[in-house]
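# Descriptive structure summary
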Amino acid sequence: MSAPYRLSLAQKSMFLAVLSAIFLAAMDQTVVATALPTIAEDLHGLAHLPWVITAYLLSSTVSLPIYGKLGDLMGRKVVLTFAVAFFLVGSILSGLAWSLESLVLFRALQGLGGGGILVTAIASIADFLPLEQRGKYQGLVGAAFGLATLIGPFLGGFVVQTFGWRWIFYINIPFGIFCLIIVQWAFPKTQRKRFPFDIVGAGSLFFGLSALVLLMEFGAHDSWIWVLLALISASVWGIFFWSPHHPEPILPLVFFRHKTFSASVIVSFFVGAAMLGSISFLPTYYQTVRAFTPTESGLEMLFLLVGMLLTSVFSGRWISKHQKFRMVPILGTLLTALALWLLSHIAVQTPLWQIDGALILLGVGLGSTMQVMVLSAQWALPHRHLGVATATVSLFRSLGGTLGVAGFGAVFSHFLGVTPATSDHLAAAHIVHALRWDFGIAAALTLAAFVAAWNLDDLPTLMARRRGNESSLPPA
């Protein structure tokens, strides 16, 4: 029996840097949500308050492919350092914001750093860990992300009540400085590859994705719809006609010929849409239908996060031990679809133990799927394209989530209809009816992910195919 694999001191230091970076970016997303009512009251900007969240998500999403490519070309150390520094500057300026408009601008700046932190930190794991051990430690990354999500709301509430909302941004400073020190100390300096950067492709992706996300957020009723459609059309030209002729395209379309890579992207998209699109409206059920306080509804959502956290660790260890991963996301998407189908039968007085059980099952399914899709995409492509593989999966998962929130929000609003303010019973019935449709559609989307997951290949097959097909991929 072979001895268990153990990290060296250098590897432990690098993994600590990765975890601290991911914890920094993940925690911020949930901390800020807690402070939104206080921010709206202080800055007198309730009408545009959702932009505090949207601006961050938009800038962090559209920057993912650019960071992924830069990490491959320039090395993960310099790119991660830049992303953390950008995040810190955005955090400080957000804490100093004098109006809601300025806060939205600085949150967008912060998001440009946050997106780079997540994709570069996750990609960097494969730079210092052997291929057969990545599953185990990728699972720990998923657990760190879940832990940050758990801590965020409680930390945010405490900081806002004790020190004021501006300190939810200032608390990033010590975390960020610690992260910078660890990255500079632990990460080795890498040699930069001398290739011209695909500026047209990067610009096409950045502005095209920005226009697409805004179109998802505001729909066809926005007065800027023709400008957004023109930007999307121009970006299609840049991505499909210009970028493929570049020696280092920002998003090599040839990768989508790879069955496992394409399946990883498709599964990530549908799972992201189903998860965020449906779960986003569950707190409305708790607070409006069941008369829970915001804190109580937040505690109910912990069942989902605990399921994700534990399964991320277990699935990662199982993959590293058996060197197979294909059945993990197949089972995960099936459990996710089953959990969403159970939630589609929600009623006004559904026992809480049934809802909590469905949320735990949902967390188990998601924990078995989301991080594994990053691994499968990385394993499908040569190491030199690691950043692009990681960024593409993360991008499509984020786009799926954005589209899911917008689409499921439209479904929710449609079935909610016009509810008389004097009838609490009728209002509750409308909300439950809308949620049933949302969860039912989400279950159907997850079944599409389940079908796509069967196209994944296991690690031995991928390694053999990679050795035979590397010549068909773009040059390093």
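Before going into details, it helps to say that this report is about the structure given with it. (Residues numbered from 1 in each chain as written. Predicted model: local features only at pLDDT ≥ 70, side-chain atom pairs only at ≥ 80, totals over all residues. Heavy atoms only, no water.)

### A look at the overall build of the protein
- What the protein contains, in helices and strands, is 19 helices and 0 strands.
- Expressed as a percentage of contacts within the protein between residues at least 6 apart in sequence, the contacts between residues at least 24 apart total 84%.
- Carbon together with sulfur atoms contributes 71% to the accessible area of the protein, which is approximately 20500 Å² in total. (Helix = DSSP H or I, 4+ residues; strand = E, 2+ residues; numbered from the N terminus. Contact = heavy atoms within 4.5 Å. Areas by Shrake-Rupley, 256 points an atom, 1.4 Å probe, with all protein chains shown as cover.)

### Looking at the packing of helix 4 (residues 76-95) against helix 8 (residues 172-186)
- Following both chains from N to C, one finds helix 4 and helix 8 inclined at 165°, their axes separated by 10 Å at the closest point. Overall, the two elements helix 4 and helix 8 adopt an arrangement that is roughly antiparallel. Note on packing geometry: the crossing formed by helix 4 with helix 8 is left-handed. Two secondary-structure elements touch here, helix 4 through Lys77, Leu80, Thr81, Val84, Ala85, Phe87, Leu88, Ser91 and Ile92 and helix 8 through Asn172, Ile173, Gly176, Ile177, Cys179, Leu180, Val183 and Gln184.
- Its residues assigned to classes, the contact of helix 4 with helix 8 shows 11 nonpolar, 5 polar and 1 charged. (Axes fitted to C-alpha atoms, helices over the stretch in contact; angles between N-to-C directions. Parallel < 35°, antiparallel > 145°, perpendicular 65-115°, else oblique. Left-handed = near helix turned anticlockwise from the far one by under 90°. Nonpolar A, V, L, I, M, F, W, Y, C, P; charged D, E, K, R; others polar.)

### Notes on helix 10 (residues 225-242)
- The first and last C-alpha atoms of helix 10 sit 25 Å apart over 18 residues, in line with the 26 Å expected at 1.5 Å per residue.
- Those residues of helix 10 that fall on the buried side of the exposure criterion are Ile225, Leu228, Ile232, Ser235, Gly238 and Ile239. Taken around the axis of helix 10, the buried residues stretch over an arc of 145°, which confines them to a single face. Projecting away from the buried face of helix 10 at angles above 90 degrees are the exposed residues Trp226 and Phe241. (Expected span 1.5 Å × (residues − 1). Buried < 20%, exposed > 50% of the residue type's maximum accessible area, 1.4 Å probe, protein only. Arc of directions from axis to C-beta.)

### Brief notes about helix 16 (residues 370-380)
- Within helix 16, 11 of the 11 residues are buried, which leaves it mostly tucked inside the rest of the structure.
- Within the sequence span of helix 16, burial applies to Met370, Gln371, Val372, Met373, Val374, Leu375, Ser376, Ala377, Gln378, Trp379 and Ala380.

### Description of the nonpolar core
- If you look at the biggest cluster of nonpolar residues, it comprises 112 residues, and the most contacted ones within it are Tyr285, Leu359 and Leu362.
- Leave out the neighbours within four places in its chain, and Tyr285 touches Arg290, Ile346, Ala347, Val348, Thr350, Ile355, Ile431, Val432 and Leu435.
- Formed by 23 residues, the second largest nonpolar core is a distinct cluster that contains Phe23, Met27, Leu36 and Val159. (Core = buried A, V, L, I, M, F, W, Y, C linked by side-chain atoms within 4.5 Å.)

### Overview of the pattern of salt bridges
- Using the criterion set out here, one finds 2 salt bridges in the structure.
- A salt bridge links Asp72 to Arg76; the nearest nitrogen and oxygen atoms lie 2.8 Å apart. Of the two residues, Asp72 and Arg76, neither departs from the other in class, the shared state being buried.
- In this structure, Lys259 and Asp457 form a salt bridge, with 3.5 Å as the shortest nitrogen-oxygen distance. Pair noted here: Lys259 is in helix 11 (residues 259-279) and Asp457 is in the loop between helix 18 (424-453) and helix 19 (459-469), with a separation of 198 residues, a long-range link. (Salt bridge = Lys/Arg side-chain N within 4 Å of Asp/Glu carboxyl O.)

### Overview of the packing of aromatic side chains
- If you walk through the whole model with that rule in mind, you get 15 aromatic pairs.
- Each ring, one from Phe163 and one from Trp167, has its centre 6.2 Å from the other, and the planes form 50°; the classification is tilted.
- With a relative accessible area of 52%, Phe163 lands in the exposed category.
- Geometrically, the ring pair formed by Phe255 and Phe261 is edge-to-face, given 5.9 Å between the ring centres and 75° between the ring planes. Grouping residues by exposure puts Phe255 and Phe261 together as buried.
- In this structure an aromatic cluster arises from ring pairing among Phe255, Phe256, Phe261 and Phe396. (Phe/Tyr/Trp six-rings, centres within 6.5 Å; stacked < 30°, edge-to-face > 60°.)

### Some thoughts on a nonpolar patch on the surface
- Together, Val200, Val236, Trp237, Phe240, Phe241 and Trp242 make up a nonpolar patch on the protein surface, roughly 610 Å² of accessible area in all.
- The greatest single-element share of the nonpolar patch, amounting to 5 residues, is contributed by helix 10.
- In this structure Val236 comes out as partly exposed when scored by relative accessible area, which is 37%. (Patch = residues over 30% accessible without salt bridge, like charges linked within 9 Å, V, L, I, M, F, W, Y side chains within 5 Å.)

### Structural notes on the environment of Trp165
- Relative to the helices and strands, Trp165 resides in the loop between helix 6 (134-163) and helix 7 (167-170).
- On the basis of relative accessibility, which here comes to 4%, the residue Trp165 falls in the buried class.
- Considering only alpha carbons, one finds Trp165 and Ile39, 126 residues apart in sequence, at a separation of 6.6 Å.
- Not counting residues within four places of it along the chain, the set of residues in contact with Trp165 comprises Ala35, Thr38, Ile39, Asp42, Leu43, Ser94, Ala97, Leu103 and Val160.
- A polar side-chain atom of Trp165 sits 2.8 Å from a polar atom in the side chain of Asp42. (Polar contact = N/O pair within 3.5 Å; in protein donor to acceptor, adjacent residues only side chain to side chain.)

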